[in-house]
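So you can see what is in the structure, the chains are spelled out below.
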Amino acid sequence: MTPRPAQGTLPDREALLAACRGWPPTTDSPILAAAVELAELHEIRMSRPDGEAWQIDRARLRWSAAIDHLVASTTPAPSPEAPLHTETLGQIIDRIAQLTALAFAMLIDGLELAFHDIHTQLNDLAKGYEDLAAEVLAGTRRLPVRAPSR
């Protein structure tokens, strides 16, 4: 059974980035565990031909949906007049995992300029995650509701 995070908590930016880098989470956060899985899936996906990526993409959708379910079940209900964000936290964490895998690939391939560009995008997205997580916890931002993934 997956432990449920405490009511009203979300991983901070540093813990999320560490999880996407493959460092084991220091807490029993199912969201961080899902981030580790997403990062691993992105690493695998980069080595597969596009025609074979559908199974990986399907698994990514399931992990992303699991994150969204955890967020919805453990954070306070937003104010009815709170503005709606364009993405779920699961989608954002999936993009952070993707950029992390891409940054490592650029670094390994010695593509320093590309690495710095991806790293900048990653830091910007992680900061956006942190801001959105604070708004979700404060109830001042709503997230889209996605249909459950199969």
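In this text, all values refer to a predicted model and were calculated from it rather than measured experimentally.

Asker: Which parts of the structure should I look at to understand the packing of helix α1 (residues 13-20) against helix α5 (residues 112-138)?
Answerer: Each packed pair of helices is defined by two parameters, the angle between the axes and the distance between the axes. Axis separation between α1 and α5 bottoms out at 9 Å; the angle between their running directions is 130°. Taken together, the axis directions place α1 and α5 in an arrangement best described as oblique. For α1 against α5, the interelement crossing comes out right-handed. Residues R13, L16 and L17 of α1 form the contact with α5, whose participating residues are L122, A126, K127, Y129 and E130. In the contact of α1 with α5, the residues fall into 5 nonpolar, no polar and 3 charged.

Asker: For this particular structure, what's the right way to read a nonpolar patch on the surface?
Answerer: Together, F104, L107 and I108 make up an exposed nonpolar region whose accessible area comes to about 320 Å². Looking at the element boundaries, I108 is found in helix α4 (residues 89-108).

Asker: It is not clear to me how the nonpolar core should be interpreted in this structure. Could you clarify?
Answerer: Core analysis: the biggest nonpolar cluster contains 32 residues, and L10, L16, I93, I96 and Y129 have the highest contact counts within it. Elements represented by at least two residues in this core include exactly α1, α2 (30-46), α3 (54-74), α4 and α5. Top element by residues in this core is α5. It accounts for 9 residues. Discounting chain neighbours no more than four positions away, the residues touching Y129 are L10, P11, D12, R13, L16, L89, I92, I93 and I96.

Asker: Sorry if this is basic, but what is going on with α5 here?
Answerer: One full turn of an α-helix is made of 3.6 residues, so residues set three or four places apart face in the same direction. In a regular helix each residue adds 1.5 Å, so 27 residues correspond to 39 Å; α5 covers 39 Å between its end C-alpha atoms and thus fits that length. Along α5, the residues classified as buried are F115, I118, L122, L125, A126, Y129, L132, A133 and V136. In this structure, the buried residues of α5 make contact with α1, α3 and α4. Note on α5: the residue one or two positions beyond its end, G139, has a positive phi of about 80°.

Asker: How should the pattern of salt bridges be read in this particular structure?
Answerer: Side chains that differ in sign of charge can pair as their charged atoms come close. Overall, the coordinates contain 9 salt bridges when judged by the stated rule. Between R60 and D94 there is a salt bridge whose closest N-O contact spans 2.6 Å. On the criterion of sequence distance, the pair formed by R60 in helix α3 and D94 in helix α4 is long-range, its members being 34 residues apart. In this pair, the class of R60 matches that of D94, namely buried. In this structure, R141 engages E135 in a salt bridge whose closest nitrogen and oxygen atoms are separated by 3.2 Å. Salt bridges here are not isolated pairs; linked through shared partners, they connect R13, E14, K127, E130 and D131.

Conventions we followed
Residues numbered from 1 in each chain as written. Predicted model: local features only at pLDDT ≥ 70, side-chain atom pairs only at ≥ 80, totals over all residues. Heavy atoms only, no water. Axes fitted to C-alpha atoms, helices over the stretch in contact; angles between N-to-C directions. Helix = DSSP H or I, 4+ residues; strand = E, 2+ residues; numbered from the N terminus. Parallel < 35°, antiparallel > 145°, perpendicular 65-115°, else oblique. Left-handed = near helix turned anticlockwise from the far one by under 90°. Contact = heavy atoms within 4.5 Å. Nonpolar A, V, L, I, M, F, W, Y, C, P; charged D, E, K, R; others polar. Patch = residues over 30% accessible without salt bridge, like charges linked within 9 Å, V, L, I, M, F, W, Y side chains within 5 Å. Areas by Shrake-Rupley, 256 points an atom, 1.4 Å probe, with all protein chains shown as cover. Salt bridge = Lys/Arg side-chain N within 4 Å of Asp/Glu carboxyl O. Core = buried A, V, L, I, M, F, W, Y, C linked by side-chain atoms within 4.5 Å. Buried < 20%, exposed > 50% of the residue type's maximum accessible area, 1.4 Å probe, protein only. Expected span 1.5 Å × (residues − 1).

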